[in-house]
Amino acid sequence: MSGPAYDNNNIFAKVLRGEIPCNKVYEDEHTLAFEDIHPQAPVHTLVIPKGKYVSMRDFAAKGSDAELAAFVRAIGKVAAIKEVEDQGFRIIANTGVDGGQEVPHLHVHLFGGRRIGRMIAQN
Ligand code: 5GP
């Protein structure tokens, strides 16, 4: 199973093409990080691969080693840039329908700046 096809018109594809502006936090050859438009914590930054991957599942199956390494390192760099390394933070990658994923381009949410609360909603 390969999962859903990539939609070139999803919001983050438009951000990557520069068609929609973003508040950039970090960028390298393979990865872009920018502020979430509706922040749910004092720090709420999105980290995305530049490649066309729908989800973590898709990325894990098809991403190159260089892309995977860059993505994980970028999360660490964003935590440093946003100064939440010491106090702590949470990363979430919503995946698919049950995961509540709204934008079908892989993204990790990085939350911090306050106690983030319990692990998941109970409903
Ligand atoms: P998901 O529910 O797919 O895990 O998260 C999608 C996230 O993208 C949401 O937190 C939402 O606020 C954010 N978002 C949606 N559209 C835009 C946009 O145009 N720009 C930015 N920066 N974030 C967006």
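Residues numbered from 1 in each chain as written. Predicted model: local features only at pLDDT ≥ 70, side-chain atom pairs only at ≥ 80, totals over all residues. Heavy atoms only, no water.

## Details of the site of the ligand
Of all residues adjacent to the ligand, which total 15 residues, the nearest are D36, N94, E102, H107 and H109. Within the backbone of I37, one N or O atom sits 3.3 Å away from a nitrogen atom of the ligand. The separation between an oxygen atom of the ligand and a polar main-chain atom of G100 is 3.3 Å. In isolation the ligand exposes 520 Å². Once the protein is present, 86% of that is buried. Elements represented by at least two residues in the shell around the ligand include exactly α1 (11-16) and β2 (31-35). (Near = heavy atom within 4 Å. Polar contact = N/O pair within 3.5 Å; in protein donor to acceptor, adjacent residues only side chain to side chain. Areas by Shrake-Rupley, 256 points an atom, 1.4 Å probe, with all protein chains shown as cover. Helix = DSSP H or I, 4+ residues; strand = E, 2+ residues; numbered from the N terminus.)

## Here's the deal with the side chain of H107
Mapping H107 onto the fold places it in the loop between α4 (96-99) and β5 (108-112). Reaching out from H107, the side chain makes a polar contact with the backbone oxygen of H105 at a distance of 2.7 Å.

## Brief notes about the pattern of salt bridges
Summed over all chains, the structure comprises 5 salt bridges. Residue E27 is joined to K24 by a salt bridge in which the shortest nitrogen-to-oxygen separation is 2.6 Å. On the basis of relative accessible area, E27 is assigned to the partly exposed category, the value being 38%. In this structure, the salt-bridge partner of K62 is D58, at a minimum N-O distance of 2.8 Å. (Salt bridge = Lys/Arg side-chain N within 4 Å of Asp/Glu carboxyl O. Buried < 20%, exposed > 50% of the residue type's maximum accessible area, 1.4 Å probe, protein only.)

## A closer look at the sheet that holds β5
One open sheet holds the 5 strands; their spatial order is β1-β2-β3-β5-β4, and the pairing between them is antiparallel. Each edge of the open sheet is held by one strand with a lone partner, namely β1 (24-27) and β4 (89-92). Averaged over all adjacent pairs, the angle separating strand axes in this sheet is 20°, with direction ignored. Bridge count for β4 against β5 is 4 bridges, and the pairing is antiparallel. The residue of β5 that forms the bridge with I92 is H109. Lying over the sheet, helix α3 (residues 65-81) contacts β1, β2, β3 (43-49), β4 and β5, oriented at roughly 160° with respect to β3. (Pairing = 2+ DSSP bridges. Axes fitted to C-alpha atoms, helices over the stretch in contact; angles between N-to-C directions. Contact = heavy atoms within 4.5 Å.)

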